[in-house]
Amino acid sequence: IPNYLDRQILAMKEVFRLTKEMGHSTVVISGDVAEKDLKLHERDALLKTLLEIDESGDFTTLIISGNHDMHARGYSALRFLEVLYRKNRFKSTHVAVESPAIVTVRGQDFLLFPGFFEGKDINKALKSWIRKCKTPPVVLMHEVIKGAVSDSGFKLEHGVRIEPDLGALYFACGDLHIHQKLHGIQNGFYCGS
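Residues numbered from 1 in each chain as written. Predicted model: local features only at pLDDT ≥ 70, side-chain atom pairs only at ≥ 80, totals over all residues. Heavy atoms only, no water.

Quick word on helix H3 (residues 79-86)
Stated formally: Residue exposure (1.4 Å probe, protein chains only): buried if accessible area is under 20% of the type maximum, exposed if over 50%, otherwise partly exposed. Labels follow the DSSP assignment, with helices taken as runs of H or I lasting at least four residues and strands as runs of E lasting at least two, numbered in each case from the N terminus. The contact rule is simple, with two residues in contact once any of their heavy atoms fall within 4.5 Å.
Of all the residues in H3, the buried ones are Phe80, Leu81 and Glu82. On the buried face of H3, the contacting elements are helix H2 (40-56) and strand S5 (93-96). Looking one or two residues beyond H3, the residue adopting positive phi is asparagine 88, at roughly 60 degrees.

Side note on the side chain of threonine 60
Here threonine 60 shows up in strand S2 (residues 60-64). If we skip the residues at most four places from it in the chain, threonine 60 touches Ser25, Thr26, Val27, Ser92, His94, Val105 and Arg106.

Here we look at H2
Where we set the bar: Multiplying 1.5 Å by the helix residue count minus one yields the expected span of that helix.
For H2, with 17 residues, the first-to-last C-alpha span of 24 Å sits near the 24 Å given by 1.5 Å per residue. Along H2, the residues that are buried comprise Glu42, Ala45, Leu46, Leu47, Thr49, Leu50, Ile53 and Asp54. For H2, the secondary structure elements touched by its buried residues are helix H1 (3-21), S2, H3 and S5.

The quantities given are spatial measurements derived from coordinates; they are silent on function.
If you want it as structure tokens, here you go:
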């Protein structure tokens, strides 16, 4: 396995180690787990690591796809994870690649909301899914939010606008690599990378 892959697997395991050290047991991954041209040895290393973590029983892991995971519209490099998830091969790893899903972890709903809503009403879709939740959900998204700051420091005028009163507890957003509060949202952040 090439050295770069060893470093990435080590970094992934470190996230879970730090999560445990901090007394938490849920890890959310808001997209960009892999590159669209995921090579077989990379896929195998990712799967082996996720299965080890899943089988430990120490964590609940929630994963959605991001733009780097996408081969083409509607097909993700993470499709193999979603297939395994739907076949109940994971104990405590939940994957949403093609459509949203609601997962409840210790009484808290999480809305796994993958997808890219260019030209569609993202707020209407969010409202519909949030209404299905029993508790105000933590929403995992992978979107460019209008007004966010790009990796190079420029304020983005394109992107989606999220209505601030959708009833979500929190928005955990992926896509941009700078840790920042979501523009116009009281309870949401890009985690950064």
